[in-house]
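Okay, here's what each chain looks like letter by letter:
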Amino acid sequence: MINTHTTVKTETVIVDTTFTCPVNSFNEWDPLEEVIVGTVDGASFPSWHIALEPVLPENQRETFRLNAGKPFPAERVAAARTELEEFVHILECEGVKVRRPESMDNLKSFSALGWTSTGLYTAMPRDVLLVVGNEIIECPPAWRSRYFETCGYRPLLKEYFREGAKWSMAPKPELSDEQYDYTWTEPEEDEPTRLVITEFEPTFDAADFTRMGRDIIAQKSNVTNDFGIEWLQRHLGDQYRIHVLEFNDPHPMHIDATLVPMAPGKLLINPERVPKVPSIFKGWDVFHAPTPIIPDDHTLYMTSKWINMNILMLDEERVVVERQDEPMISALKRWGFKPVPCNFRNFNSFGGSFHCATLDVRRRGRLESYLLD
Ligand code: NVA
């Protein structure tokens, strides 16, 4: 804190010039003050591309091929929009300032060197923007359809920058054909995970990282390569340590339905994907996410049912959870948390839940270490 003492005549006036950066978030659990919540307005099936194949549920790949470049069904968008409004209302009632991106015309095709694509949505700020401390980073996407997605957030990014945040952008990848393995096919059950992206240029989605102060957990995935992780490590510098963990996930994309740090010393894991708790979590309480109860006939375009783990911590106790997910709500209570239920199953159809749909721009806290060395 900087206090400037200015002497005016005989009085001493204390001017508090404490700098409050609008962007300040080091982990997933400090008290949430400001958040960006995505929008489903304008959500569209993107142009078909090989990079989609490994991460879409098998029963959705044909739907994406057939509907490429068309909007998602209007009634699904409307149902998800209603749930987003409920979520925003709940966050505001819990004292959080909510910001929204601009929707984009995702039906309009755009080009880069040697390829064209239509867009997807601005529903999941967690994927394309990474907040580390006072810095907000535009991520280098592996999906061509997401190449310009951060433009929907630019008015906010400019505002945060003007108010003192650091605003960066990772090297913009060309996303030329060298970036992809066009021979990708589904591996047999006994074969190792096969990733569709190469190491041609750095790519990563922010959702493949989860922040725990000085330590950041990452996974390699169908959108995040070693090159991207290395770029981020060097960009962040020695104050941060990125730990790359491997999970039992044949179609990895985004870590937040696999491993979710909820509070200092408290970790939620996907029991199917994390058969052995990584040793860096020595001394932590480990909670197994309950088996999801989303019915088979509920459309999930882009994720598994483990999206039930994609919760949002409002602080070390309060946690936003899907209202119909009774097993998760009971488990959270049993583990000592305070669940804040919100309807979100229709939003889940679009590939995310509360964590994906948000970017925690500001949490009240500072850089700390949470792991036993
Ligand atoms: N790709 C993950 C979801 C991550 C939010 C899954 O389908 O389980």
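Quick note: structure is the one above.
Below: a short report on this structure. (Residues numbered from 1 in each chain as written. Predicted model: local features only at pLDDT ≥ 70, side-chain atom pairs only at ≥ 80, totals over all residues. Heavy atoms only, no water.)

Note that Lys 338 resides in strand 18 (residues 338-342). Overall, the relative accessible area of 47% leaves Lys 338 in the partly exposed class. Taking the C-alpha atoms as reference, Lys 338 lies 9.8 Å from Val 321; in sequence the two are 17 residues apart. Residue contacts for Lys 338: discarding those within four places in its chain leaves Glu 317, Arg 318 and Val 319. (Helix = DSSP H or I, 4+ residues; strand = E, 2+ residues; numbered from the N terminus. Buried < 20%, exposed > 50% of the residue type's maximum accessible area, 1.4 Å probe, protein only. Contact = heavy atoms within 4.5 Å.)

On inspection of all chains with the given rule, the structure shows 24 aromatic pairs. Considering the side-chain rings of Phe 45 and Phe 72, the 4.1 Å spacing of their centres and the 35° angle between planes classify their relative orientation as tilted. Remark: Phe 72 occurs in the loop between helix 1 (61-67) and helix 2 (74-93) and Phe 45 occurs in the loop between strand 3 (32-37) and helix 1; sequence separation between them is 27 residues. Take Phe 45 and Phe 72: they sit in the same class, and that class is buried. What links up through ring pairs into an aromatic cluster is the set Phe 45, Phe 64, Phe 72, Tyr 301 and Phe 350. (Phe/Tyr/Trp six-rings, centres within 6.5 Å; stacked < 30°, edge-to-face > 60°.)

Strands sit in the order 13-14-15 across an open sheet of three strands; the sheet is mixed. Each having just a single partner strand, strand 13 (259-263) and strand 15 (285-288) make up the two edges of the open sheet. Shown here is a sheet whose adjacent strand axes are inclined to one another by a mean of 25°, direction ignored. Two strands pair when backbone bridges link them, and strand 14 (residues 266-269) and strand 15 are joined in this way by four bridges, in the parallel orientation. When the sheet's bridge partners are listed, Leu 268 is paired in strand 15 with Phe 287. (Pairing = 2+ DSSP bridges. Axes fitted to C-alpha atoms, helices over the stretch in contact; angles between N-to-C directions.)

Note that every value here comes from positions in space, so none of it alone points to a role or purpose.
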